[in-house]
Amino acid sequence: MTEPNELTGEQTKAWILAFADRVIKDADELTELDRQAGDGDFGWNISSALKRARTNLEGESPAQVFQSVSDTFLASGGTSGPLFGLWFGRLGAGPSAPWAVSDLAKAFDTATGAVRRLGKAEVGHKTMVDAMVPATEALAATETHSWREALQEAARAARTGADSTSGMIAHRGRASYLGERAQQVLDPGALSIAWFFDAAEGA
């Protein structure tokens, strides 16, 4: 029997749907940020992927749901597709049962580590990693046994990390070629990760 403090597959689907709704609604904000520091296609790419994911969610466990999202992103274009695909894919390698907080912490640690290695990105490089790492660290450090409370802590950490990218000089991606010209631009990848963790509130 599922414990109240364990994240279920159905709750994970609700989380993804809430994330998709937020991204689709505010895709223009992501596009504008990327236009100032990149190719200008980030909002379109991620919203298109999530539109497809929204109609193809399946799975009985969080891992299975995340794997279905991974498959959608891996079929997407741009730099974001493979990175999000990898991230969700590593989450999809988690336990095939409802997740306790410890399962969340371990799964996100594995997934974030994979993105860091593939993108050769670290905190301070002005990428999605600037939000992923603080959120992952918050999950590892939390003392709560409630997945909702743990993800609220992760969301706050992710948002702080995303906000910190305004003022950074990029070390990865097209923004790295712009130097100080893109320094004050919030990284759209980091912002989207903050939105992802925020969306857990609606699960």
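Scope of this entry: the structure provided in the associated data block. (Residues numbered from 1 in each chain as written. Predicted model: local features only at pLDDT ≥ 70, side-chain atom pairs only at ≥ 80, totals over all residues. Heavy atoms only, no water.)

## Notes on the overall build of the protein
The helix and strand tally for the protein stands at 9 helices and 0 strands. Element order for the protein, N to C, with α for helix and β for strand: α-α-α-α-α-α-α-α-α. Taking all 203 residues of the protein together, 53% fall into the buried category. Contacts in the protein between residues far apart in sequence, at least 24 positions, make up 68% of those at least 6 positions apart. Total accessible area computed for the protein in this model is approximately 9100 Å², and 48% of it derives from carbon and sulfur atoms. (Helix = DSSP H or I, 4+ residues; strand = E, 2+ residues; numbered from the N terminus. Buried < 20%, exposed > 50% of the residue type's maximum accessible area, 1.4 Å probe, protein only. Contact = heavy atoms within 4.5 Å. Areas by Shrake-Rupley, 256 points an atom, 1.4 Å probe, with all protein chains shown as cover.)

## Topic: the environment of A97
Examined against the element boundaries, A97 turns out to sit in the loop between α5 (80–91) and α6 (101–119). The partly exposed category is assigned to A97, whose relative accessible area is 34%.

## A few points about the packing of helix α7 (residues 129–141) against helix α8 (residues 147–164)
Direction vectors running N to C along α7 and α8 enclose 150°, while the axes themselves pass 7 Å from each other. Between α7 and α8, the angle is such that the two are roughly antiparallel. Considering the relative orientation of α7 and α8, their crossing is right-handed. Across the interface between the two elements, D130, A131, P134, A135, A138 and L139 of α7 pack against A150, L151, E153, A154, A157, A158, G161 and A162 of α8. When the residues that make up the contact of α7 with α8 are grouped by side-chain class, the tally is 11 nonpolar, 1 polar and 2 charged. (Axes fitted to C-alpha atoms, helices over the stretch in contact; angles between N-to-C directions. Parallel < 35°, antiparallel > 145°, perpendicular 65-115°, else oblique. Left-handed = near helix turned anticlockwise from the far one by under 90°. Nonpolar A, V, L, I, M, F, W, Y, C, P; charged D, E, K, R; others polar.)

## Quick notes on the pattern of salt bridges
Within the structure shown, the criterion is met by 7 salt bridges. A salt bridge links E10 to K13; the shortest N-O distance between them is 3.2 Å. With a gap of 3 residues between them, E10 and K13 both fall in helix α1 (residues 9–25), about one helical turn apart. The network of salt bridges with common partners includes R22, K25 and D26. (Salt bridge = Lys/Arg side-chain N within 4 Å of Asp/Glu carboxyl O.)

## Points about the environment of A141
Secondary-structure assignment places A141 in helix α7. On the accessibility criterion, A141 (57% relative accessible area) is exposed. As for A141 and A105, which are separated by 36 residues in sequence, their C-alpha atoms are 8.7 Å apart.

## Notes on the nonpolar core
Core analysis: the largest hydrophobic core is formed by 61 residues, its most contacted members being W15, W87, F88, F196 and F197. Here the element with the most residues in this core is α6; it accounts for 8 residues. Beyond its immediate chain neighbours, meaning those up to four positions away, F196 contacts W15, I16, F19, F66, W87, F88 and F108. (Core = buried A, V, L, I, M, F, W, Y, C linked by side-chain atoms within 4.5 Å.)

## Re unusual backbone geometry
One non-glycine residue, K120, lies in the positive phi region at around 50°. Within the secondary structure layout, K120 lies in the loop between α6 and α7. What makes K120 exposed here is its relative accessible area of 57%. Unlike most non-glycine residues, K126 shows phi in positive territory, near 65°. One can find K126 in the loop between α6 and α7.

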